[in-house]
Amino acid sequence: MLLLLGFLLGGCGLPTPSQRYEKIYLDVFDTVTTVVLYDSSQQSANAKFDELHDILLSYHKLYDIYHTYDGVNNLCTVNQNAGIAPVKVDEKILDLIEYAIGMDTLTSGRMNIAMGGVLQIWQTYRDAGLEEPDSAALPPMDELKAANADAVIGNVVADRLAGTLFVKDAKTQIDVGAIAKGYAAQRAVDAMKSAGVTSMLLSVGGNVCSIGTRADGTRWKVGIQNPYGEGNIAAVQVEGQSVVTSGTYERYYTVDGKRYHHIIDPDTLMPSVRYDSVTVISSDSALADALTTGLFCMPIDEGMALVEQLPDTEALWVLPDGTQQMSGGFSTYIVKE
Ligand code: ADP
Ligand code: MG
């Protein structure tokens with residue numbers, strides 16, 4: 001009887017997703033995206049990889065602030081029309097912007113997508129400094145302050161009824177670098193779940209999302225990079241959560257022997273000196289991404305209180321002296337070896 005039952009379940013049920021398949025995309029969000037998927041056949045996995053790629057590419061085009069694409073209004077179009085006119089946009093743009101405005105409030109303005117002007121100045125000086133290291137310089141503070149006067153989130157107006165996004169002031173610019181990857185990755189994961197995927201690990205440039213566990217039931221292992229060199233400071237195990245790290249080592253340039261990274265503290269208009277990396281584990285990758293950037297610019301007490309108040313969310317801070325701080329439940333994810 002048991003044998004027969006086993007046969008029936010094995011024979012009539014869905015094929016088990018037990019084979020490991022891997023894919024790399026180089027054309028989304030200006031970074032390397034890797035996917036690991038357990039599926040029943042290469043053909044079935046390929047169909048999911050194609051769907052995932054299409055989804056990520058469509059988000060990439062909509063959230064791109066640097067390029068426009070034929071036949072689509074994206075965030076670059078919206079920035080170009082700042083102070084001129086509301087732009088009719090795909091609702092996926094309004095979804096992101098409304099989410100980002102919520103995260104601005106949650107982080108008390110530390111993660112501010114209206115800081116585009118300030119961030120552009122830093123990027124210009126960083127690019128020049130990387131190009132010509134000998135003449136690398138810091139942006140003048142008066143220039144940063146002038147740009148910051150227009151970093152007003154209230155100038156970003158999403159109108160659901162009209163289906164438009166308007167940057168009211170010509171000098172305000174949107175930059176979604178702190179949140180777009182995580183937001184898009186979460187939407188892609190949601191779509192993959194709806195398509196029946198039960199076991200997947202997606203990393204969009206280090207923004208890591210998981211679905212379920214590996215085929216053998218063990219949790220996915222994700223390394224947390226050592227901000228000071230090779231290797232990891234820890235590895236965590238997840239089952240359905242995301243792991244996102246922001247670090248001083250990710251993008252930086254050097255001026256007079258000192259490193260200046262890419263996360264800008266709205267209070268000082270300088271790269272935040274509070275931490276060397278911040279990692280967030282959360283069931284929501286958009287939250288994790290926005291939060292890593294926001295926490296980076298927040299005192300530890302305030303950040304800890306914020307994380308403790310959020311459900312399904314934990315954080316790990318690496319302070320400049322190399323010591324670590326963790327929220328209450330973070331250690332439950334750490335792989336103990
Ligand atoms: P990464 O892009 O390396 O994964 P983050 O998620 O922390 O890291 O995002 C950093 C990017 O976010 C920067 O490159 C910049 O575009 C933008 N950014 C930097 N500081 C802030 C800030 N305080 N608020 C909003 N966006 C920021
Ligand atoms: Mg972020």
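Remember, predicted model here, so these are calculated numbers, not experimental data.

## Overview of unusual backbone geometry
So, point 1. Although it is not a glycine, Leu-269 adopts a positive phi angle of roughly 65 degrees.
So, point 2. Among the structural elements, Leu-269 can be located in the loop between β12 (258-261) and β13 (277-282).
So, point 3. Positive phi outside glycine occurs at Asp-312, with the angle close to 55 degrees.
So, point 4. For Asp-312, the location among the structural elements is in the loop between α9 (300-309) and β14 (313-318).

## Digging into the domain arrangement of the protein chain
So, point 1. Along its sequence, the protein chain is organised into domain 1 (19-58 + 182-333) and domain 2 (75-167).
So, point 2. Domain 1 and domain 2 are separated by 22 Å when their C-alpha centres are compared.
So, point 3. Listed per partner, the contact involves 29 residues of domain 1 and 26 residues of domain 2.
So, point 4. Considering only the surface of domain 1 that becomes buried against domain 2, Tyr-183, Tyr-253 and Leu-269 emerge as the three largest contributors, covering 32% of it.
So, point 5. Here domain 1 is connected to domain 2 by two salt bridges.
So, point 6. Measuring nitrogen to oxygen at the nearest pair gives 2.7 Å for the salt bridge that ties Glu-302 to Arg-110.
So, point 7. The interface formed by domain 1 and domain 2 contains four residue pairs in polar contact (both at pLDDT 80 or more).
So, point 8. Mapped onto the side of domain 1 that touches domain 2, the elements with two or more residues apiece are β11 (252-255), α8 (285-296) and α9.
So, point 9. Per-element accounting of the side of domain 1 that touches domain 2 gives the leading share, six residues, to α8.
So, point 10. For the side of domain 1 that touches domain 2, the residue count by class is 19 nonpolar, six polar and four charged.

## What to know about the packing of helix α4 (residues 91-106) against α8
So, point 1. Relative orientation of the contacting elements α4 and α8 amounts to 50 degrees, with a least axis distance of 10 Å. Relative to α8, the element α4 is oriented oblique. For α4 against α8, the interelement crossing comes out right-handed. Note on element contacts: α8 touches α4 through Ala-286, Leu-287, Ala-290 and Leu-291, opposite Tyr-99, Met-103 and Leu-106.
So, point 2. Each residue belonging to the contact of α4 with α8 can be placed in one class, and the counts come to seven nonpolar, no polar and no charged.

## Section: the nonpolar core
So, point 1. Core analysis: the largest hydrophobic core is formed by 71 residues, its most contacted members being Tyr-63 and Val-176.
So, point 2. In this structure, this core is formed jointly by two domains, domain 1 (19-58 + 182-333) and domain 2 (75-167), each of which donates at least three residues.
So, point 3. With near-sequence residues (within four places) excluded, Tyr-63 lies in contact with Phe-29, Leu-75, Lys-92, Ile-93, Leu-96, Val-176, Ala-180, Tyr-183 and Ala-184.
So, point 4. By size, the runner-up hydrophobic cluster in this structure holds 15 residues, among which are Tyr-38, Val-222, Val-243 and Ile-281.

## Description of the packing of aromatic side chains
Aromatic ring pairs are defined here through the distance separating the ring centres and the angle between the ring planes.
So, point 1. Within this structure, the stated rule accounts for seven aromatic pairs.
So, point 2. Geometrically, the ring pair formed by Tyr-38 and Trp-220 is tilted, given 5.8 Å between the ring centres and 45 degrees between the ring planes. Note that Tyr-38 is positioned in strand β2 (residues 31-39) and Trp-220 in strand β8 (residues 220-225), a separation of 182 residues in sequence.
So, point 3. On the basis of relative accessible area, Tyr-38 is assigned to the buried category, the value being 13%.
So, point 4. Between Tyr-253 and Tyr-260 the ring centres are 6.3 Å apart and the planes differ by 50 degrees, which places this aromatic pair in the tilted class. The same class applies to Tyr-253 as to Tyr-260, namely buried.
So, point 5. An aromatic cluster is defined as three or more aromatic residues linked by ring pairs; in this entry it consists of Tyr-59, Tyr-63, Tyr-99 and Tyr-183.
So, point 6. Just above the ring of Tyr-59 sits the side chain of Lys-92; from NZ or CZ to the centre is 5.8 Å.
So, point 7. Its guanidinium or amino end placed over the ring of Tyr-252, Arg-259 lies 4.0 Å from that ring's centre, counting from NZ or CZ.

Basis of the calculations
Numbering of residues starts from 1 in each chain and follows the order in which that chain's sequence is written. As a convention, the first chain written is A and the first ligand written is 1, with the rest following in written order. Reporting of local features is limited, given that this is a predicted model, to residues whose pLDDT is at least 70; pairs of side-chain atoms are given and counted only at 80 or more, and all residues count toward the totals for whole chains, interfaces and linings. Water and hydrogen atoms were dropped before computing side-chain values, which therefore reflect all heavy atoms in the structure. Here a strand is any run of E in DSSP of at least two residues, a helix any run of H or I of at least four, and the numbering for each starts at the N terminus. The source of the domain bounds is an automatic or database domain assignment. By definition, residues are in contact when any of their heavy atoms lie within 4.5 Å. Simply put, the buried area is the total loss of 1.4 Å probe accessible area from both parts when two parts are fitted together. Any carboxyl oxygen of Asp or Glu within 4 Å of a side-chain nitrogen of Lys or Arg constitutes a salt bridge here. Contacts described as polar in this section are N or O atom pairs within 3.5 Å, which, within protein, must combine one atom able to donate a hydrogen with one able to accept it, while residues neighboring in sequence count only if both atoms come from side chains. Gly falls in the polar group here, along with every residue not listed as nonpolar (Ala, Val, Leu, Ile, Met, Phe, Trp, Tyr, Cys, Pro) or charged (Asp, Glu, Lys, Arg). Under this scheme, a helix contributes an axis fitted over its contacting stretch, all axes are lines through C-alpha atoms, and angles between N-to-C directions fall in the 0 to 180 degree range. These descriptions rest on fixed angle ranges, namely under 35 degrees for roughly parallel, over 145 for roughly antiparallel, 65 to 115 for roughly perpendicular, and the rest for oblique. Here is the rule for handedness: rotate from the far helix to the near one, and if that takes an anticlockwise turn smaller than a right angle the crossing is left-handed, while a clockwise turn gives right-handed. Within this scheme, the nonpolar core is defined by two criteria: the residues are buried Ala, Val, Leu, Ile, Met, Phe, Trp, Tyr or Cys, and they are joined through side-chain atoms within 4.5 Å. Each residue's exposure class comes from its accessible area (1.4 Å probe, protein chains only) as a fraction of the maximum for that residue type: buried when under 20%, exposed when over 50%, partly exposed otherwise. Only centres within 6.5 Å qualify two rings of Phe, Tyr or Trp (six-membered ring in Trp) as a pair; their planes then separate them into stacked at under 30 degrees, edge-to-face at over 60, and tilted for everything else. Remark: a charge is flagged as sitting over a ring if the NZ atom of Lys or the CZ atom of Arg is within 6 Å of the ring centre and within 35 degrees of the ring normal.

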